[in-house]
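What follows is each chain in one-letter form.
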Amino acid sequence: MTGILYVVSTPIGNLGDITLRAIETLKSVDLIASEDTRTTSILLEKYSIKTKTESYHKFSESKKASKIIELLKEGLNVALVSDAGTPLISDPGGVLIGEANKNNIKVVPIGGISAVITLLSSIQKEGEDFKFIGFLPRIKAQIEEIITKNQNENLVFYESPKRIQETLEIIKEKRTNSLISIGRELTKKFEEIKTLKIEDMIEFYKLTPKKGEMVCMIHKEKTDPDETILKEKIKALKGCGFSQKDTVKILEITDNINKNRIKSLYNS
Ligand code: SAM
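Quick caveat, the model's predicted, so the values are computed rather than measured.

The rules behind these values
- Residues numbered from 1 in each chain as written.
- Predicted model: local features only at pLDDT ≥ 70, side-chain atom pairs only at ≥ 80, totals over all residues.
- Heavy atoms only, no water.
- Helix = DSSP H or I, 4+ residues; strand = E, 2+ residues; numbered from the N terminus.
- Polar contact = N/O pair within 3.5 Å; in protein donor to acceptor, adjacent residues only side chain to side chain.
- Contact = heavy atoms within 4.5 Å.
- Axes fitted to C-alpha atoms, helices over the stretch in contact; angles between N-to-C directions.
- Parallel < 35°, antiparallel > 145°, perpendicular 65-115°, else oblique.
- Buried < 20%, exposed > 50% of the residue type's maximum accessible area, 1.4 Å probe, protein only.
- Arc of directions from axis to C-beta.
- Domains from an automatic or database assignment.
- Near = heavy atom within 4 Å.
- Areas by Shrake-Rupley, 256 points an atom, 1.4 Å probe, with all protein chains shown as cover.
- Core = buried A, V, L, I, M, F, W, Y, C linked by side-chain atoms within 4.5 Å.

Draft legend 1. Region of interest: the side chain of Thr 51. Residue position: Thr 51 is located in the loop between α2 (37–46) and β3 (53–55). Looking at Thr 51, its side chain comes within polar contact range of the main-chain oxygen of Leu 26, at 2.6 Å. Once you skip the residues sitting within four places of it in the chain, Thr 51 turns out to touch Leu 26, Lys 27, Val 29, Asp 30, Leu 31, Ile 32 and Leu 44.

Here you go:
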C-alpha cells in the first residue's frame, strides 16, 4: 500500500488560524516536507507536534520530490507545508503533486487560510469573479501590460512593501480612476485593510511604514450598461416627470455613467 500525500494549510501570521484536522494530520504523518524547517518548527512547537521535518523548497523541488515519492511508495504518509498559508498558492509543491499523480499516490488537501482569500473575504467588490496572478513581475513595462489588459477584472496580486509605492504610481498612470484594496499584515497585530481611490492610496502609503506583508486588488472598471438599456431608463425617468438635470443626477449615482453621455442620450 502506498502512503498518502497531505497538502496542509498553515497560518499566515496568527498561529490560531489552523484547523483541528491539520493539527491531527501533522501529528499522525511519518514526515513533514516543509519549505523552511525553522519556520515550521515554531508552529510544531506551539501544538506539541513531534513529527520529523525535511526541507522542500523551490530550489530543490525536483530532487526532493523524487525522494518523497520513494517514501510514499514505501507506504509512509507525508504532509507538505509551506512557510505560510496554502501550499502551491505562490508557494512550492507543484512538482511533488505532479509526481504523486503520475505514481497514483493519493493527494489529500487539508484546507485552511490563504492571504488572497482572506483579503477577498473582507472587502466589497463588483461581482463574484476575480483573477489572481500571484506576484506582479518586476519590470515596469510588464506591470503596465498586465494592468491595462485586465481592466475588466478584479485583479488580485501579492506585492512587497518595498515596491508598493512604485507599483501604485504605475497603476495611477495606467488606470487613473481605479479603486484599490490592500490587506497588510492580515491576521496579525497590525492588520490593516483599506479600500481607496488610487491617488488616495498613494497619499496613504506616503505616510505608512513600508513594512509587513501585503495582498492587493485593483477593482474592475464598472462597465456602462448598453445604450438600449440606458435609453429605456431615461425614458422611464422622463415618463415619471423627472427633469434632465434630475435624470442625469440619478443615473450618475445609480449607474455611475458619465453625465455628458446621459445628456446626449436624453436629447436624442
Ligand atoms: N501560500 C501563501 C498563501 O496561501 O497566501 C502565499 C505565499 S507567498 C510566497 C507570500 C506572499 O503572500 C507575501 O509576500 C504577501 O504578499 C502574501 N501574504 C502572506 N501572508 C500575508 C499576510 N499575513 N497579510 C498579507 N499578505 C500576506
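Next comes the rest of the description.
Draft legend 2. Broad picture of the packing of helix α9 (residues 227–239) against helix α11 (residues 259–266). Between α9 and α11, whose axes approach to 10 Å, the crossing angle comes to 70°. Classified by the angle their axes make, α9 and α11 are roughly perpendicular. Touching Glu 227, Leu 230, Lys 231, Ile 234 and Lys 238 of α9 are Arg 261, Ile 262, Leu 265 and Tyr 266, all from α11.

Draft legend 3. Here's a closer look at α2. Along α2, the residues that are buried comprise Thr 40, Leu 43 and Leu 44. Down the axis of α2, the buried set is contained in an arc of 100°. They therefore lie on one face. Counted as exposed and oriented over 90 degrees from the buried face of α2: Arg 38, Ile 42, Glu 45 and Lys 46. As for α2, its buried residues are in contact with α1 (20–28), β2 (31–34), β3 and β4 (78–81). With a side-chain oxygen lying 2.9 Å from the backbone nitrogen of Arg 38, the N-terminal cap of α2 falls on Asp 36. Backbone geometry just downstream of α2 places Ser 48 in the positive-phi region, at approximately 50°.

Draft legend 4. Inspection of the domain arrangement of the protein at higher detail. What the domain assignment lists for the protein is domain 1 (5–113), domain 2 (116–218) and domain 3 (227–266). On a C-alpha basis, the centres of domain 1 and domain 3 stand 57 Å from each other.

Draft legend 5. Broad picture of the site of the ligand. In the vicinity of the ligand, 19 residues are found, and the nearest of them are Asp 91, Ser 114, Ala 115, Tyr 158 and Met 214. A distance of 3.4 Å is found between a nitrogen atom of the ligand and a side-chain nitrogen or oxygen belonging to Glu 213. Separating an oxygen atom of the ligand from a backbone N or O atom of Met 214 is a distance of 2.7 Å. Calculation on the ligand without its partners gives an accessible area of 580 Å², and the protein chains cover 90% of this total.

Draft legend 6. Up close: the nonpolar core. Counting residues in hydrophobic clusters, the biggest one holds 19 residues, and the most contacted among them are Ile 164, Leu 168, Ile 171, Ile 180, Ile 182, Tyr 205 and Ile 218. Those elements that place two or more of their residues in this core are α6 (140–149), β7 (155–159), α7 (164–174), β8 (179–184), α8 (198–206) and β10 (214–218). Once residues lying within four places of it in the same chain are set aside, the contact partners of Leu 168 are Ile 180, Ile 182, Ile 198, Met 201, Ile 202 and Tyr 205.

Draft legend 7. A look at α8. Within α8 the residues assigned to the buried category are Ile 198, Met 201, Ile 202 and Tyr 205. The arc enclosing the buried residues of α8, seen along the axis, measures out at 105°, which places them on a common side. For α8, the secondary structure elements touched by its buried residues are α7, β8, β9 (192–197) and β10.

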